[in-house]
Every structure is written in C-alpha cells, then in structure tokens.
Amino acid sequence: MYDYLIVGSGLFGSVFAYEAKKRGKRCLIIDKRDHTGGNIYNESVEGINVHKYGAHIFHTNDKRIWDYVNSFVEFNRYTNTPVADYKGEFYNLPFNMNTFYQLWKVKTPAEAKAVIADQIKDLNITDPQNLEEQALSLVGTDIYEKLIKGYTEKQWGREAKDLPAFIIKRLPVRFTFDNNYFNDTYQGIPNGGYNKLTEGLLEGTEVRLNENYFDNKEYYNSLAPQIVFTGKIDQYYDYQFGKLQYRSLRFEQQTLDMDNYQGSALVNYTEREIPFTRIIEHKHFEFGTQPKTVITHEFPAEWDEGKEPFYPINDQLNNDTYKKYKALADQESNVIFGGRLAEYRYYDMHQIIGSALKKVETHFG
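Read on for a plain summary of the structure. (Residues numbered from 1 in each chain as written. Predicted model: local features only at pLDDT ≥ 70, side-chain atom pairs only at ≥ 80, totals over all residues. Heavy atoms only, no water.)

**Let's talk about the pairing of strand β2 (residues 27-31)**
- Counting buried residues in β2 gives five out of five residues, a clear majority hidden from the surface.
- What you see with β2 is no split at all: C27, I29 and D31 on one side and L28 and I30 on the other are buried throughout.
- Relative to β2, strand β1 (residues 4-7) runs parallel, the two sharing four bridges. Looking across to β2, one finds that Y4 is bridged to C27.
- One ladder, built from four bridges, connects β2 with strand β9 (residues 206-209); its direction is parallel. (Buried < 20%, exposed > 50% of the residue type's maximum accessible area, 1.4 Å probe, protein only. Helix = DSSP H or I, 4+ residues; strand = E, 2+ residues; numbered from the N terminus. Pairing = 2+ DSSP bridges.)

Next up, the structure:
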C-alpha cells in the first residue's frame, strides 16, 4: 500500500514525506501524539499561538532553507532579544555592550575588555577542563556568577564544574550594542504559527495519530518496504547497549487577564534558587495585540521513561553508546534514521530541515 512508513511527524518526518510525495512516492506517517508537528506544534489559546513544547525561533544563514520554509508560510521579522533576570536586576542577552554597561557602567569596548581581562588574569586558566573554567576564561567572574552559573546548573541538573567545556565553547560575546541573540542572516516566526508549516509539508500525505510504532512494530513494518524512523534509536534496538540519557522539560502554562505580562517573549531567570529557567510570553513572537496573554514557566527536569526527551547529553559515555547503535543503523538497508532522537544530537530547526533534504537527495539520487 505504501512506499514509506514514516515514524514521527516532526520536521524531519514531514520534510521527508513532502519530498517523497513530490517524487511520486506514497507515504504513511504515524505519530504517538494526538497532533502533528512534533515539538514545534502550536496550540491556539485566546487567539495566541502557544509554543507547546518551549520557544521555537527559526534562524538560519542558508537562503535555500529560508526560501524553502517561506514557500509554505511567510515568516515574520521577529528578532530574539531575551532578557536575563538576576535577583530582580535586568540584563540584556547575549552578552554585549548593553550588558557590560548594566554591570559595570562601561561605555566603550576597550573599557569592557579591560574589566574582563582584569577578572581573569589571576585565574590561570590556560586549558579549560570543564564548563566553569571555559566560561570564566571567556567572560570573567561577574558574568559567570550572575548570568551563567545558576542558569546552566539548573538546565543540566549538574554543577558547572562537572559539565564538559564544549557545551559553552561558542558563548556569544559581543563588543557592540546589539541585543540580537542570533548572528544568522534570516530569522523569524511563521505568521499564524508553526502548524502552517507542518500542515503545508504534510498536505496530501496520510497521517495516523495516537499510534505508537512500538505497540505493534511487526505490523507497522509490514505496511511499507522502506521505513523512516525519527524516534529514539536506542528504543528501536530494544536498548541492547543500554539507554541513552537526556534532559527533559516541564511546562506550567497560565492564561492571564492582561494584555502584556513582561514585555518580551523570553525572560531568563539565572539565579540557582529560582526553579524555572525562563518565562515565555507567547504573543510577542507574533506581535500580538490580544486582550489576554499566555505565559509558560519552563522547568528543566531529569529524564526518565514517560517524559519527553528534549536534550541529548552528549558526554563521552553517551556518545560511545550511541556509536554502537549507529553501527547497527548503518547496516540497515531499508531503514532511514533521522532527526534529533534518531541521530542523538541537538538540532536547530534549520539543521533538521537541512539534514532531511540531504538524506532525501542521497536516498533518491
């Protein structure tokens, strides 16, 4: 009946389905959730497109991918300019001249660089061995203590000195008055929400919701000669080398009877004692003027079965385990593994689309 069974209707599965359909192939998508779109799904509340699984801001330098997503839905001009709250004081992110002025009242790049240099000169960090040393060597003690340490330890559930340095290697530090979090040429949010993007990709493809591949793997495998699998690769192989580890998230959502709660889509709470990492006010992603507003407190959480796996923990132990699963996957002739869970790596949205298009081109030639 079908040429491809696609397990999961997130971005990877949806892009693959669209491209396969263009090539005359018939796909069936199954998803264990009650909606399509994976983690980019939007839920409409009070006329506001709520990012149900946390903030998703599209950004890329790749014009081909930007044009690709805009062919399904026009993206707006939203620019990510988050604010950090540390003990009631506000600081601009990413770290830039506005942040340095707020911290030290310095007004020139030379003055800011001098403060940082003075803070790190006695630390004697030449080869950072962990995240704490890496961050200190880049931005000094003030920024580390106020804006990095608590937030990072909450996010990962571990002390900063027990986390690998590579997590923070590309810490954005700018000596300009520029609050744009991303350096990418293209950035925005779909007008009308991300559902318009995934609905466009899936138009004309059969989708079955509330169907879990692992409830009846043999049956689903019989439906098509080729499988595109976007779930957890360790689960696909029955955890034979052990379970890969993740960090999870928990969301507490509120509808408030006011038109504007915090004046920004994202406010990060960087002190360790506050249990959530940020508050999202969803209407600001699309410059909403609705009379009410919806906010979400985002709490990091340890992952275990039954929770959503959000962030792969790409330390040595987990990467070594993944390589064993990858070796099995490479031997498969009729299964394509793709996406964040199947490839056990953190992907931004544009990277998932790029990966899916590359897999399609390799597969179909």
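**What to know about helix α5 (residues 131-156)**
- Taking 1.5 Å per residue as the helical rise, α5 with its 26 residues ought to reach 38 Å, whereas the 11 Å between its terminal C-alpha atoms falls clearly short.
- Residue G140 marks the point of greatest curvature in α5, where the axis turns by about 125°.
- Trailing α5 by a residue or two, G157 shows a phi angle of about 70°, which is positive. (Expected span 1.5 Å × (residues − 1). Bend = angle between axes of the 7 residues up to and from the residue.)

**Focus: the sheet that holds strand β14 (residues 293-302)**
- Strand order in this open sheet of seven strands is β7-β6-β12-β13-β14-β11-β15, and the pairing throughout is mixed. Pairing within the sheet leaves two strands with one partner each, and these edge strands are β7 (89-92) and β15 (311-312).
- Two elements, strand β13 (residues 278-281) and β14, share four bridges in a ladder whose sense is antiparallel. If you follow I280 over to β14, its bridge partner there is T296.
- Most of the contacts of α5 go to strand β6 (residues 83-86), to which it runs at about 95°, and overall it touches β6, β7, β11 (246-256), β12 (266-269), β13, β14 and β15. (Contact = heavy atoms within 4.5 Å. Axes fitted to C-alpha atoms, helices over the stretch in contact; angles between N-to-C directions.)

**Examining the packing of helix α1 (residues 11-22) against helix α6 (residues 195-202)**
- Taken N-terminus to C-terminus, the directions of α1 and α6 make an angle of 35°; their axes are 8 Å apart at the nearest point. Two secondary-structure elements touch here, α1 through L11, S14, V15, A17 and Y18 and α6 through L197, T198, G200, L201 and L202.

**Regarding the pattern of salt bridges**
- According to the stated counting rule, one finds 20 salt bridges in the structure shown.
- Among the ionic pairs, R174 bridges to D178, the shortest N-O distance being 3.8 Å.
- Residue classification places D178 among the partly exposed residues on the basis of a relative accessible area of 30%.
- Close ionic contact of K232 with E305 constitutes a salt bridge, the shortest N to O distance being 3.3 Å. (Salt bridge = Lys/Arg side-chain N within 4 Å of Asp/Glu carboxyl O.)

**What about the sheet that holds strand β10 (residues 226-229)?**
- Strand order in the open sheet made by the five strands is β9-β2-β1-β10-β16, with parallel pairing throughout. Unpaired on one side and paired on the other, β9 and β16 (335-337) mark the two borders of the sheet. Each strand axis lies, on average, 20° off the axis of its neighbour in the sheet, ignoring direction.
- Sheet strands touched by helix α10 (residues 349-364): β1, β10 and β16. Its angle to β16, the strand with the most contacts, is close to 155°.

**Observations concerning the packing of helix α4 (residues 109-120) against α5**
- In contact at an axis separation of 8 Å, α4 and α5 are set at 100° when each is read in the N-to-C sense. Between α4 and α5, the interaxial angle falls into the category roughly perpendicular. Facing I116, Q119 and I120 of α4, the residues of α5 in contact are L136, S137, L138, V139, G140, T141 and D142.
- Of the residues in the contact of α4 with α5, the class split is five nonpolar, four polar and one charged. (Parallel < 35°, antiparallel > 145°, perpendicular 65-115°, else oblique. Nonpolar A, V, L, I, M, F, W, Y, C, P; charged D, E, K, R; others polar.)

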